[in-house]
Amino acid sequence: MKKMIIAIVKGYQWLISPLLGNNCRYYPTCSSYMIQAIERFGVLKGVWMGLKRLGRCHPFHEGGIDPVPEKDDHKH
């Protein structure tokens, strides 16, 4: 399941993201963040963290550097 979800996000990165332009307000990009979160925390928690990040990625939010937390740093 993990590999399938990551493949979908990578497909977005290769096929759709280039058409939309460089609009992410964060570093790493939201799609890279989701992949890292899935790899570090598993599918359910990683996708949830990625979706929360996407919810903050809009013109009214400052953005900036927002790395995926280390496994033991993440609040439950």
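Look up a bit, the structure's there.
Residues numbered from 1 in each chain as written. Predicted model: local features only at pLDDT ≥ 70, side-chain atom pairs only at ≥ 80, totals over all residues. Heavy atoms only, no water.

Draft legend 1. Inspection of the pattern of salt bridges at higher detail. Tallied over the full model, the rule gives three salt bridges. In this structure, aspartate 66 and arginine 53 form a salt bridge, with 2.8 Å as the shortest nitrogen-oxygen distance. Taken together, the positions of aspartate 66 in the segment after strand E2 (64-65) and arginine 53 in helix H3 (residues 43-56) put the pair 13 residues apart, joining distant regions of the chain. Here aspartate 66 makes a salt bridge to arginine 56, at a shortest N to O gap of 2.9 Å. Within this pair, whereas aspartate 66 is found in the segment after E2, its partner arginine 56 is found in helix H3, the two being separated by 10 residues in sequence. For arginine 56, a relative accessible area of 29% puts it in the partly exposed group. (Salt bridge = Lys/Arg side-chain N within 4 Å of Asp/Glu carboxyl O. Helix = DSSP H or I, 4+ residues; strand = E, 2+ residues; numbered from the N terminus. Buried < 20%, exposed > 50% of the residue type's maximum accessible area, 1.4 Å probe, protein only.)

Draft legend 2. Geometry of unusual backbone geometry. Of note, the amide linkage connecting tyrosine 27 to proline 28 takes the cis form, showing an omega dihedral of 0°. With respect to the helices and strands, the residue proline 28 is situated in the loop between strand E1 (26-27) and helix H2 (30-41).

Draft legend 3. Expanded view of the packing of helix H1 (residues 2-20) against H2. For the pair H1 and H2, interaxial distance at closest approach is 10 Å and the crossing angle is 170°. The angle between H1 and H2 places the two elements in the roughly antiparallel class. Between H1, through Lys2, Ile5, Ile6, Val9, Lys10, Tyr12 and Gln13, and H2, the contact on the second element is made entirely by Ser31, Ser32, Met34, Ile35, Ile38 and Glu39. (Axes fitted to C-alpha atoms, helices over the stretch in contact; angles between N-to-C directions. Parallel < 35°, antiparallel > 145°, perpendicular 65-115°, else oblique. Contact = heavy atoms within 4.5 Å.)

Draft legend 4. Highlighting the side chain of aspartate 66. By relative accessible area, aspartate 66 is classed as buried at 18%. In this structure aspartate 66 touches Tyr26, Tyr27, Pro28, Tyr33, Arg53 and Arg56, once residues within four positions along its chain are discounted.

Honestly, that's just the spatial picture; any functional story needs more than this.
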